[in-house]
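# Structure assessment
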Amino acid sequence: MSLHTGTLAALVHRLSGILLALFLPVHFYAIGTTLESAAAFDALLAWTQYPLIKFGEWGIVLLLAAHLGGGLRVLALEFLPWRDWQKSLAAAAAALALAVGLAFALAL
Amino acid sequence: MNVKAQAVLWVAQRASAAVLALCVTVHLATMVYAIRGGLSAAEILSRTRGSVGWLVFYTVFVLAVTVHAPIGLRAVLEEWFGWRGTARDVLLVGLTLLLAVLGMRAVLGVFL
């Protein structure tokens, strides 16, 4: 199968969406549960300091940025007269994801 | 599913996407800003507790995600796994409720 830019962008958008949908209930549950006490929430935050968890967090942020970029690409293709911009939009989506990933990694 | 219902889902998916584009941008920027110098419960709660602005923002965010994620998964389950029908829709309604309840519980948790 040849992987065209548009196909690859759609695949990344879809896979990131699936993973985010799996992550969200866990994210909401963790926040809702640990906030019952500041100590429990701080314990959760301490847990997120492990390198592997940090890496996972960074991955989730990257997925979120990638899904945002991919979504903006879809909206632009569907609602704006930019049909010749397939590759530019895919590149812009990738650039956005990388920029956010870098900003988050530098702030970690 | 009839054409009208399909159209409603399509519009709901695009409308929620547009809302989420704004919400995710704000959320990402807030996270990058907030994690500088480490996070603490006190720091997060000092920002959100009693803040009607953040309450409204995160309520809109959770509701938009509650609409968006199940519709997106619906397409994936149908196109990749050929799964359609009642069982799939029951699962998706379950996910919708799960996201709404857990999401609003978290939002109210940081506000109250």
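Sequence order sets the numbering: in each chain, residues are counted from 1 along the sequence as written. Here the convention is simple: chains get letters from A, ligands get numbers from 1, in the order in which they are written. Note on the predicted model: pLDDT of at least 70 is required for a residue's local features to be given, and 80 or more for side-chain atom pairs to be given and counted; whole-chain, interface and lining totals, by contrast, use all residues.

### Some details on the overall build of chain A
Helices and strands together make up the secondary structure of chain A, namely 4 helices and 0 strands. Labels follow the DSSP assignment, with helices taken as runs of H or I lasting at least four residues and strands as runs of E lasting at least two, numbered in each case from the N terminus. Secondary structure elements of chain A occur, N-terminal to C-terminal, as α-α-α-α. Throughout, the radius of gyration refers to the C-alpha atoms, and the reference size of a globule is 2.2 Å times the residue count to the power 0.38. Against the 2.2 N^0.38 benchmark of 13 Å for 108 residues, chain A shows a C-alpha radius of gyration of 17 Å, more extended than a compact globule. A pair of residues counts as a contact when their C-beta atoms, built from backbone coordinates, are within 7 Å of each other. Residue pairs at least 24 apart in sequence account for 70% of intrachain contacts in chain A once pairs closer than 6 positions are excluded.

### Focus on the overall build of chain B
For chain B, the helix and strand inventory stands at 4 helices and 0 strands. At 17 Å, chain B has a C-alpha radius of gyration far larger than the 13 Å of a compact globule built from 112 residues. The C-alpha extent of chain B, read off along each of the three principal axes, is 50 × 25 × 20 Å. Here the C-beta atoms are placed from the backbone, and a residue counts as buried if at least 20 other C-beta atoms lie within 10 Å of its own, exposed if 12 or fewer do, and partly exposed otherwise. Among the 112 residues that make up chain B, the fraction classed as buried is 21%.

### Examining the confidence of the model for chain A
When pLDDT is averaged along chain A, the result is 85; 95% of the residues meet or exceed 70. The predictor attaches a confidence to each residue, called pLDDT, with possible values from 0 through 100. The element-level mean pLDDT for chain A is lowest in helix α4 (residues 86-107) of chain A, coming to 80, with helix α1 (residues 5-34) of chain A highest at 92.

### What to know about the interface of chain A and chain B
If you look at the interface, chain A gives 26 residues, while chain B gives 27 residues. With 10 residues, the single largest contributor to the side of chain A that touches chain B is α1 of chain A. Here the term charged refers only to Asp, Glu, Lys and Arg, the term nonpolar to Ala, Val, Leu, Ile, Met, Phe, Trp, Tyr, Cys and Pro, and the term polar to all other amino acids, Gly among them. When its residues are assigned to classes, the side of chain A that touches chain B shows 21 nonpolar, 3 polar and 2 charged.

### Details of the environment of V60 of chain B
Residues and elements named next belong to chain B. In this structure, V60 sits in helix α3 (residues 52-81). Residues V60 and C23, 37 residues apart in the sequence, show an inter-C-alpha distance of 8.2 Å. With sequence-adjacent residues up to four places away left out, V60 is seen in contact with V19 and C23.

### Comments concerning the nonpolar core
Think of a nonpolar core as buried Ala, Val, Leu, Ile, Met, Phe, Trp, Tyr and Cys residues chained together by C-beta atoms that fall within 7 Å. Membership of the largest hydrophobic core comes to 35 residues, with the highest contact counts inside it found for L24, L64 and A65 of chain A together with L20, F61, A64 and V65 of chain B. Where this core is concerned, the elements lending two or more residues are α1, α3 (51-79) and α4 of chain A together with α1 (3-34), α3 and α4 (86-111) of chain B. With 7 residues, the single largest contributor to this core is α3 of chain B. If we ignore the near neighbours within four places in the chain, the residues touching L64 of chain A are L20 of chain A together with V24 and L28 of chain B.

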